[in-house]
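Summary of the model geometry
Residue strings, one per chain:
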There are 2 protein chains.
Amino acid sequence: MTTIMEVARAAGVSKSTVSRVLNGVPVSEEARRRVEAAIAALNFKPNAQARGLSLRRSHLIGVVVPEIARIFYGEVLEGIESALAETGFEMIVCSTRNRQGREWGLTKLLWSKRVDGLILVTPREFSPQALKSLKGEFPVVLVDGTSDSFSSISVDNFAGGFMATEHLLRLGHRRIGLILGPDTRESDQRLRGYKKALADYDCRFVPELIRSGDYLFDSGFTAMEELLALPERPTAVFAASDLMAIGALKAAEAHGIKVPEDLALVGFDDIEAARWTSPALTTIRQPLRQLGEIGGRTIVKAITKKNDPTKITLGCTLVVRESCGAFRRRMEGSRSGRSPDGNVEEGGGTGDIMM
Amino acid sequence: MTTIMEVARAAGVSKSTVSRVLNGVPVSEEARRRVEAAIAALNFKPNAQARGLSLRRSHLIGVVVPEIARIFYGEVLEGIESALAETGFEMIVCSTRNRQGREWGLTKLLWSKRVDGLILVTPREFSPQALKSLKGEFPVVLVDGTSDSFSSISVDNFAGGFMATEHLLRLGHRRIGLILGPDTRESDQRLRGYKKALADYDCRFVPELIRSGDYLFDSGFTAMEELLALPERPTAVFAASDLMAIGALKAAEAHGIKVPEDLALVGFDDIEAARWTSPALTTIRQPLRQLGEIGGRTIVKAITKKNDPTKITLGCTLVVRESCGAFRRRMEGSRSGRSPDGNVEEGGGTGDIMM
DNA sequence: ATACTTTTTGGAACCGTTCCCAAAATATCG
DNA sequence: CGATATTTTGGGAACGGTTCCAAAAAGTAT
């Protein structure tokens, strides 16, 4: 592993000069040529650790997620990675593997590793005391979460909840089940959107139609079974994740209930698998990748420019596919426009009806 | 950010003594107490960069994947992360975002970041010259790939191809389509397994039944359409990824062909979504998480013990669900044992028939 | 040619650790 | 109790860069 000193010797200059060449500081033409030749000849790569020690900057961003092997977080991570790749920062990924409280330990760990900043992709709230000890120490960005002390990028969950519910109301449904996620601010906002839509359409709020799960398949299945077991079952269900919606779909199928004929279904997230089901899922698209990209860009900005915390909220989109029956109505008498995944093709676009 | 010197001052000892306490080197009882108290009081965390500079060890492992937002790689990454978490190493994740050739640039980048080792989760082969320049420089482990120069962890693709095909042959199919992945050694081995099974069952190999895709949904859809357009269409199809199998399922559905009644289907990987389809996918399970875990453990061993490259091959398992009809035969007359995802429950196990 | 300004360069201190080595403190033994 | 063996400690040189500062070199004006 060659060092800057060896390059200096080979080029017949001092290491200061090599350093200058490396950092684009003006140097005589002659020296520059010789140094560059030596760098190439020796295949020299500056030692990022030594550099970081001197500059007190590691160019490393810590990223904490609850789980890597979940497509939701995978999309966000991909977004972060692609934003960082252009800036010379790298990301250290840590997963809490859904273990309660581990985010705090990981945060401290990454902190001691001298990451330049931290992206927390975690819906769970940090304890106030934890937050306080972080505050001011180094930049933190919350992705898919909100906080008063740090920058955060989140999605307009209220609007999402509203849109999904309104879509079902417009289709004439009055008894709409809701399968929420864990008890977080996010869920609360979606619930508020749901209630607002009901109110707007003069539809009564029925508490027994509300269930909650953990965003995963099995909990959607279970919740749907409970809803179907009600004396008067819902004619439509809005699930707060596509995974739960797919579970719900499976449950309906297991009980011989046809979607969308007997039951309309809306999901949330618009993961890829939403196109794969039969019927394909109508859902609320969250811009997951964008969430990550903006998160990445925000943390870099916070590190290099030290600007104040910002709060960004992204909109979401209703993607109409087959699981509500709305699709069929539109397409009546014409099947020619169907794409492989059962979406409606409109003018060669993405193949989804967006609202 | 407190340093070791400040701790030393606060404890009234030299920085050498603090360093000794930090590294578990024997020190007088009195000194240890004082140092520990000072560390706690000042909330001191050793600077990993300075430490790495001195030790020539970063405790960072570079991981290169083609894509993070694909559940296949997500599982592998989760496995790597969990193996590393126990060892004090952290992983820097880089994605080539499927761009040809980018793995080499990333490798060099990570190398210059002084990662202690590299895990390459990439099916594509590196150029021999690239490999040579890496060889001996620092430890590299290939996950889901093989190489003569480096340690590698892979799956027995030949056996996987064989098992999938044999399963279909046993069910009486003689005209079995094959949807392969991209042209890699992996695909070649699965093809060999397929051919071997055909030969074992005295079944003729028909080249026109072989298609290939990119492991993703759309390519499975397309390939299946081609197979269905054949003058004499296959009665069964083996797709080399679950994503392609799901695409194939959708294509069959679009053409009014019922699975498994009119067509049997086997996938590969056993991603979670394989349980979600209707019918649930019979598939070959790859131990993805284990692949990552062993990869992580192997690289750490290579770094700390400097032992010779090892080559590990993991077995895969046939998971029988609904898409081949084998399930129904077994379960005739009893639906009580069904789990939410349509697997067969046998003695409270994972809910799959494994072979 | 001389004095002065500007550019280019090398030397040395520093970033925060580890670790070797010699000095200091303590323990062991005759 | 002094001499020696052993343990514990502190000083200082790395590790490989960056950057300040002053010296050297080059350029400009008189």
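Before going into details, it helps to say that this report is about the structure given with it. (Residues numbered from 1 in each chain as written. Chains lettered and ligands numbered in written order. Predicted model: local features only at pLDDT ≥ 70, side-chain atom pairs only at ≥ 80, totals over all residues. Heavy atoms only, no water.)

**Digging into the protein's contact with DNA strand D**
Defined as follows: Working definition: residue near molecule or strand if any one of its non-hydrogen atoms lies within 4 Å of it. Whenever two N or O atoms come within 3.5 Å, that pair is a polar contact, provided that in protein one can donate a hydrogen and the other can accept it, and provided that, for residues adjacent in sequence, both atoms are side-chain atoms. The helix and strand labels rest on DSSP assignments: H or I over at least four residues marks a helix, E over at least two residues marks a strand, and numbering proceeds from the N terminus. Under the scheme applied here, ten amino acids are nonpolar (Ala, Val, Leu, Ile, Met, Phe, Trp, Tyr, Cys and Pro), four are charged (Asp, Glu, Lys and Arg), and all others, including Gly, are polar.
Surrounding DNA strand D, one finds 28 residues, the nearest of these being I4 and S19 of chain A together with S16, R20 and S28 of chain B. The share of sugar and phosphate among atoms of DNA strand D within 4 Å of the protein is 61%. Residue K15 of chain A places a side-chain N or O atom 3.1 Å away from a base oxygen belonging to DNA strand D. Taking R51 of chain A, its side chain carries an N or O atom lying 2.9 Å from a phosphate oxygen of DNA strand D. Listed by contribution, the elements that provide at least two residues to the surface near DNA strand D are α2 (15–23) and α4 (48–55) of chain A together with α2 (15–23) and α4 (48–55) of chain B. Sorting elements by how many residues they give to the surface near DNA strand D places α4 of chain A first, with 5 residues. Its residues assigned to classes, the surface near DNA strand D shows 10 nonpolar, 12 polar and 6 charged.

**As for the relation of the copies chain A and chain B**
Put simply, the rule is: Here the copies were fitted onto each other by least squares, based on C-alpha atoms from residues at pLDDT of at least 70 in both. Contacts between residues were defined by any pair of non-hydrogen atoms, one from each residue, lying within 4.5 Å.
Structural alignment of chain A on chain B gives an RMSD of 0.0 Å, achieved by rotating through 180° and translating 0.0 Å along the axis. With respect to symmetry, the two chain copies, as superposed, fit the operation of a two-fold axis. By C-alpha distance to the rotation axis, the residue of chain A lying nearest is I92 of chain A, at 2.3 Å. Taken together, the interface assignments show that 100% of the residues at the interface of chain A recur at the interface of chain B, consistent with an identical surface on both copies.

**Describing helix α9 (residues 185–200) of chain A**
Residues and elements named next belong to chain A. This is how it is decided: A helix is expected to reach a length of 1.5 Å times the quantity of its residues less one. The cut-offs for exposure are 20% and 50% of the maximum accessible area for each residue type, with area from a 1.4 Å probe on protein chains only; residues under the lower value are buried, those over the upper are exposed, and the others partly exposed. Picture the helix axis, draw a direction to every C-beta atom, and the arc is the one those directions span.
Helix length check: α9 (16 residues) gives 22 Å between terminal C-alpha atoms against 22 Å at 1.5 Å per residue, within 8%. When α9 is considered as a whole, its buried residues turn out to be E186, S187, R190, L191, G193, Y194, A197 and L198. Considered in projection along α9, the buried side chains sweep an arc of 155° and stay on one side of the axis. Structurally, α9 contributes buried residues whose contacts are with α8 (157–170), β6 (176–180), β7 (210–212), β8 (236–239) and β9 (264–269). Directly beyond the C-terminal end of α9, a positive phi value near 50° is found at D202.

**Points about the interface of chain A and chain B**
Selection criterion: Two parts placed together each lose some accessible area under a 1.4 Å probe, and the buried area is that loss summed for both. One side-chain nitrogen of Lys or Arg within 4 Å of one carboxyl oxygen of Asp or Glu is enough to make a salt bridge.
Listed per partner, the contact involves 59 residues of chain A and 59 residues of chain B. A buried area of about 5,200 Å², summed over both sides, lies between chain A and chain B, and 59% of it is on carbon and sulfur atoms. For chain A, the biggest contributors to the area lost against chain B are Q49, R114 and W276 of chain A; these three give 15% of the whole. Counting across the interface, chain A meets chain B through 5 salt bridges.

**Considerations on the pairing of strand β2 (residues 90–95) of chain B**
Consecutive residues of a regular strand have side chains that alternate between opposite faces of the sheet. Residues and elements named next belong to chain B. Selection rule: Only strands that DSSP links by at least two bridges are regarded as paired with each other. For a crossover, the right-handed case is the one in which the path from the first strand over the helix to the second runs clockwise, viewed with the strands pointing away from the viewer.
Counting buried residues along β2, 6 of its 6 residues qualify, which places the element largely inside the surrounding structure. Of the two faces of β2, both are covered, the one formed by E90, I92 and C94 as well as the one formed by M91, V93 and S95. Taken together, the 6 bridges between strand β1 (residues 60–65) and β2 define a ladder with parallel strand orientation. Among the inter-strand pairings, L60 is bridged to a residue of β2, identified as E90. With respect to chirality, the unit in which β1 leads through helix α5 (residues 71–85) into the neighbouring parallel β2 is right-handed.

**Some thoughts on unusual backbone geometry**
A cis geometry characterises the amide bond from S278 of chain A onward to P279 of chain A, with omega recorded as -5°. Within the secondary structure, P279 of chain A is located in the loop between β9 and β10 (282–285). Residue V259 of chain B is joined to P260 of chain B through a cis peptide bond whose omega torsion reads 5°. Here P260 of chain B lies in the loop between α11 (242–254) and β9 (264–269).

**So, the protein's contact with DNA strand C**
Around DNA strand C sit 27 residues in total, of which T17 and S28 of chain A together with I4, S19 and S54 of chain B are the nearest. The sugar-phosphate portion of DNA strand C accounts for 63% of its atoms within 4 Å of the protein, the bases making up the rest. Between A50 of chain B and DNA strand C, the recorded distance is 3.5 Å, taken from a backbone N or O atom to a base nitrogen. Interatomic distance of 2.8 Å between a side-chain N/O atom of S54 of chain B and a sugar or linking oxygen of DNA strand C.

**So, the environment of R190 of chain A**
All names here are of chain A. Mapped onto the elements, R190 comes out in helix α9. Given a relative accessible area of 2%, R190 falls into the buried group. The contacts of R190, once residues within four sequence positions are left out, are N157, G161, L180, Y215, A240, F268 and Q286. Within polar-contact distance, the side chain of R190 engages the backbone oxygen of A240 at 2.8 Å.

**A look at the nonpolar core**
General note: in soluble globular proteins, nonpolar side chains tend to be found buried as a group. We apply this condition: Residues grouped as a nonpolar core are buried Ala, Val, Leu, Ile, Met, Phe, Trp, Tyr and Cys residues, joined through side-chain atoms within 4.5 Å.
Core analysis: the biggest nonpolar cluster contains 165 residues, and V63, M91 and V121 of chain A together with M91, V121 and Y194 of chain B have the highest contact counts within it. Beyond its immediate chain neighbours, meaning those up to four positions away, V121 of chain B contacts V63, V64, V65, P66, Y73, V76, I80 and V143 of chain B.

**Focus: the pattern of salt bridges**
Residues and elements named next belong to chain A. One pass over the full model with this rule turns up 36 salt bridges over all chains. Put simply, E67 and R70 hold a salt bridge, and the shortest N to O gap is 2.7 Å. Overall, E67 belongs to the buried group, its relative accessible area being 14%. With a closest N to O distance of 2.9 Å, E75 and R289 form a salt bridge. With E75 in helix α5 (residues 71–85) and R289 in helix α12 (residues 288–305), this residue pair connects regions lying 214 residues apart in the sequence. A single salt-bridge network, built from bridges that share partners, covers E30, R33 and R34.

**Section: the packing of α2 of chain B against helix α3 (residues 29–42) of chain B**
All names here are of chain B. Condition: In this description, a line fitted to the C-alpha atoms serves as the axis of each element, helices being fitted only across the stretch in contact, and the angle between N-to-C directions of two axes falls anywhere from 0 to 180 degrees. Convention used here: angles under 35 degrees read as roughly parallel, angles over 145 as roughly antiparallel, angles from 65 to 115 as roughly perpendicular, and any remaining angle as oblique.
α3 packs onto α2 with a crossing angle of 85° between their chain directions and a minimal axis gap of 10 Å. Comparing their axes, α3 and α2 come out roughly perpendicular. Every residue of α3 that contacts α2 at T17, V18, V21 and L22 is listed here: A31, R32, V35, E36 and I39. Classifying every residue of the contact of α2 with α3 gives 6 nonpolar, 1 polar and 2 charged.

From the geometry alone we can't say anything about function, so treat these as descriptive.
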